[in-house]
Structure formats: C-alpha cells, structure tokens
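Examining the three-dimensional arrangement
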Amino acid sequence: MADTALSVPRRSPLAGAAGGLAAATRSSGGAVRLAELPFLAQVNLRLDAKGAAADAVGLALGLSLPLEPNTVVRAGELRALWLGPDEWLVVGPPDTQRDLEDRIRAASGDEHVAVTDVSAQRTTLLVSGARARDLLAHGCPLDLHPRAFGAGRCAQTTLARTQVVLVARDEPGAGFWVLVRSSFAGYLTDWLLDAAAEYIQGA
C-alpha cells in the first residue's frame, strides 16, 4: 500500500521573523546584519580531555577538540566549541548530526563518552556588521571588546537575560553566532530588532 501521508515541510523557529530581520539589515546600511541560520547540526560531547578518546574523536572529526577555555576550533564547516573541561559542542552543517554522532561513537570505542544530539533545542542567529559588537553589548554582560572577546572565542552567557552560547566567528567580517533555545528565539529576535532600531536609517 502506497504511503499517502503528507510530508510536512520543516519550519525553523524564526521562519516568521525572516522578513523583519532582512528589513532591518537593509535599512541599517551595513551597520548590522541579522539573519537566522536554521537547522545547524549541534552535538554535545562529554569525555575525558586527557583520555585516548579525545585524540581519536579529534582525528575522526578532522579537528582538535579545544582545551583552552572559551575557544573554538574550526575545520571547514565544522566547529568545536569549548563549554567546560570535559564538554564541547560540535556544530556542523544542517542535517549532519547523525553522521557526527556515528563518527564520534565509532572513534571512541570502549571509552566512556556521552554524545547527545541537541540540534532541535536551539537555533542560531547571525549578528554581524560594523555595529554588531555595540548591538550585542546592549544586553550582554561580557566585555565584547576584540581584545577580550576576539575571533575564535565563545562563551555561555546571557543576552537580554536569555541564556545563549555566543561565538565570535573567525572569518573576516563574519560577526557572531548567537545560539539560543528555540523557545526563547522569538523573544530574543524581537529584542535584537528593537535594539537595532538606532542603527536603522531614517528611524
């Protein structure tokens, strides 16, 4: 019997906000760029940083798990974010989480490793442009000066009283990723749009 079930298109947490984000970007004249990067693969990894599995997993992923607190290691489209002495978040292109999990589990062998797909828990906001740091500084307690939070840094922090993972991307002019739980994404987007109003021409 043929499968007659209707396939429901996947909808990102901020699909309804795309127009507002694009309008703010256009109106700012390059001061800020706001966009959602939906469906990025996000895999939480916990293991002994000094154990054999750490090196094996790094080889399987093609990058070294960062050992310096609050840093990011990137290899192509894959990033590993330091979250704690024995915890990382591996972020990759959309729909690659199963592959990442399989590679990590295969590499870890009998070592004790916890691997959890958390892709559905969060979405990612891109905040870039000449005034991106100023915009984020309105609601983030971190010192976001490039000397303190430069490219290749990450932190678990708050933005507009919302728990986020903030990433300073290391590509030139790439700005920041704000990883936020899906249930708070709408609120945070509204806050960003309101805070960005001062950079919108003619506002």
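This section reports on the structure supplied with the text. Numbering of residues begins from 1 in every chain and follows the order in which that chain's sequence is written. pLDDT decides what is reported in this predicted model: residues at 70 or higher carry local features, side-chain atom pairs at 80 or more are listed and counted, and totals for whole chains, interfaces and linings draw on all residues regardless. Side-chain measures here rest on the full set of heavy atoms in the structure, leaving out hydrogens and waters.

For the rest of this paragraph, the subject is the nonpolar core. Put simply, a nonpolar core is a bunch of buried Ala, Val, Leu, Ile, Met, Phe, Trp, Tyr and Cys residues held in one set by side-chain atoms that sit within 4.5 Å of each other. Residue exposure (1.4 Å probe, protein chains only): buried if accessible area is under 20% of the type maximum, exposed if over 50%, otherwise partly exposed. Counting 31 residues, the largest nonpolar core has Leu135, Leu136, Leu159, Val178, Leu188 and Leu192 as its most contacted members. For this core, the secondary-structure elements that each account for two or more residues are helix H1 (18–27), strand E7 (122–128), helix H4 (132–137), strand E8 (154–159), strand E9 (162–168), strand E10 (176–181) and helix H5 (182–195). Strands are runs of DSSP state E lasting at least two residues, helices are runs of H or I lasting at least four, and both sets are numbered from the N terminus onward. The element best represented in this core is H5, accounting for five residues. Leu136 has contacts with Val127, Leu144, Leu159, Leu166, Phe176, Val178 and Leu192, leaving out every residue within four places of it along the chain. Among the nonpolar cores identified, the runner-up in size contains 19 residues, and Leu47, Leu61, Ala80 and Leu100 belong to it. By definition in these notes, contact holds between two residues if any of their heavy atoms fall within 4.5 Å.

We now examine the sheet that holds E7. Strands belonging to one sheet form pairs held by backbone hydrogen bonds; the direction of such a pair is parallel or antiparallel. Within the open sheet, the five strands sit side by side as E1-E7-E10-E9-E8. Their pairing is antiparallel. The open sheet has two free edges, formed respectively by strand E1 (33–37) and E8, since each of these has just one partner strand. Strand-to-strand twist in this sheet, taken as the mean axis angle between neighbours without regard to direction, amounts to 30 degrees. Pairing between two strands is assigned when DSSP locates at least 2 bridges connecting them. Of the pairings in the sheet, the one linking E1 to E7 comprises five bridges and is antiparallel in character. To get an axis, fit a line to the C-alpha atoms, keeping to the stretch in contact for a helix; angles then go from 0 to 180 degrees between the N-to-C directions.

Quick look at the side chain of Thr123 now. Tracing the sequence through the fold places Thr123 in strand E7. Distance and chemistry together define a polar contact, namely a pair of N or O atoms within 3.5 Å, with one atom able to donate a hydrogen and the other to accept it when in protein, and with adjacent residues in sequence counting only for side-chain atoms on both sides. Within the structure, the side chain of Thr123 is placed 2.6 Å from the side chain of Glu36, a separation counted as a polar contact. Among residues more than four places away in sequence, those in contact with Thr123 are Pro13, Leu14, Glu36, Leu37, Pro38, Val178, Leu179, Val180, Ser182 and Ala185.

Let's shift gears to the pairing of E7. The element E7 is largely enclosed, with a buried count of seven among its seven residues. Residue alternation in E7 divides its side chains into two sets, Arg122, Thr124, Leu126 and Ser128 and Thr123, Leu125 and Val127, and both sets are buried.

What follows covers the pattern of salt bridges. For this document, the term salt bridge refers to a Lys or Arg side-chain nitrogen within 4 Å of an Asp or Glu carboxyl oxygen. Enumeration according to the criterion identifies eight salt bridges in this entry. Asp95 is the salt-bridge partner of Arg10, the closest N and O atoms lying 2.9 Å from each other. Remark: Asp95 occurs in the loop between strand E5 (87–92) and helix H3 (97–108) and Arg10 occurs in the segment before H1; sequence separation between them is 85 residues. The partner of Asp99 in a salt bridge is Arg103, and the shortest N-O contact between them spans 3.0 Å. With Asp99 and Arg103 both in helix H3 and four residues apart, the pair spans about one turn of that helix.

Even without glycine at this site, Asp95 takes up a positive phi of about 65 degrees. Positive phi, normally seen in glycine, also occurs at Ala160, with a value near 55 degrees. By the element assignment, Ala160 lies in the loop between E8 and E9. For Ala160, a relative accessible area of 8% puts it in the buried group.

Our next topic: the environment of His145. When you line up the elements, His145 lands in the loop between H4 and E8. For His145, a relative accessible area of 36% gives the class partly exposed. Separated by eleven residues in sequence, His145 and Asp134 have C-alpha atoms that sit 9.3 Å apart. Each residue touching His145, except ones within four places of it in the same chain, is listed here: Arg133 and Gly150. At 3.0 Å, the side chain of His145 and the backbone nitrogen of Arg147 are in polar contact.

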